[in-house]
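# A structural walkthrough
One letter stands for each residue in the lines below.
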Amino acid sequence: QVQLVESGGGLVQAGGSLRLSCAASGRAFSSYTMGWFRQAPGKEREFVAAINRSGSNTYYADSVKGRFTISRENAKNTVYLQMNSLKPEDTAVYSCAAKPSMYVFAPTQKYDYWGQGTQVTVSS
């Protein structure tokens, strides 16, 4: 089983920045598509960003495009989400997810493994 552990969440003022990290167990990290999702209380989980196994392709939700950047360091089994220009509506629990890569990049389709989530709170 793949274990994913997020870190880097916290409280930040609107307009500020945070960088989330997701550390993955195992040796197959470089074979996985990685994604970030978020969920606010009473709201459905929504897709945020995804990155393919090599890092050559990324995909973002419209709500975060231009503000968030997903990246990965395969040698460290880690994926990141750099969040800039944060807004109160970005407040949510952010979860890291993983799935074995398919031949075609499928950033929003079902993921197999999930982390526990890390809270991001953006104040006005």
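Our structure is the block above this text.
Fair warning: this is a prediction, and the values are worked out from it, not measured in the lab.

### Thoughts on the nonpolar core
L4, M34, W36, V79, L81, M83 and Y94 are the most contacted members of the largest nonpolar core, which totals 35 residues. Put simply, the parts of the chain that give this core at least two residues each are strand 3 (18–24), strand 4 (32–39), strand 5 (46–51), strand 7 (68–73), strand 8 (78–83), strand 9 (92–100) and strand 11 (118–123). If sequence neighbours within four positions are ignored, Y94 has contacts with E6, L20, W36, F37, R38, V48, F68, L81, M83, G117, T118 and V120.

### Section: the packing of aromatic side chains
The description of an aromatic ring pair uses the distance of the two centres, along with the angle that the planes make with each other. On inspection of all chains with the given rule, the structure shows six aromatic pairs. Note on Y32 and Y113: the rings are 6.2 Å apart at their centroids and 75° apart in plane angle, and the pair reads as edge-to-face. Residue Y32 is found in strand 4, and its partner Y113 is found in strand 10 (residues 113–114); the two are separated by 81 residues along the sequence. Exposure remark for Y32: the relative accessible area of 14% places this residue in the buried category. Summarising the aromatic geometry, the rings of Y111 and W114 are spaced 6.3 Å apart at their centres and angled 65° between planes, so their arrangement reads as edge-to-face. With a relative accessible area of 31%, W114 lands in the partly exposed category. If you follow R72 out to its NZ or CZ, it ends over the ring of F29, 4.4 Å from the centre.

### Remarks on the environment of V12
Take V12: it is sitting in strand 2 (residues 10–13). Assessed through its relative accessible area of 13%, V12 is described here as buried. Measuring from C-alpha to C-alpha, the distance between V12 and T78 comes to 23 Å, with 66 residues separating the pair along the chain. Those residues within four positions of V12 in sequence are excluded, and the remaining contacts are S17, L18, L86, T121, V122 and S123.

Basis of the calculations
- Residues numbered from 1 in each chain as written.
- Predicted model: local features only at pLDDT ≥ 70, side-chain atom pairs only at ≥ 80, totals over all residues.
- Heavy atoms only, no water.
- Core = buried A, V, L, I, M, F, W, Y, C linked by side-chain atoms within 4.5 Å.
- Buried < 20%, exposed > 50% of the residue type's maximum accessible area, 1.4 Å probe, protein only.
- Helix = DSSP H or I, 4+ residues; strand = E, 2+ residues; numbered from the N terminus.
- Contact = heavy atoms within 4.5 Å.
- Phe/Tyr/Trp six-rings, centres within 6.5 Å; stacked < 30°, edge-to-face > 60°.
- Lys NZ or Arg CZ within 6 Å of the ring centre and 35° of its normal.

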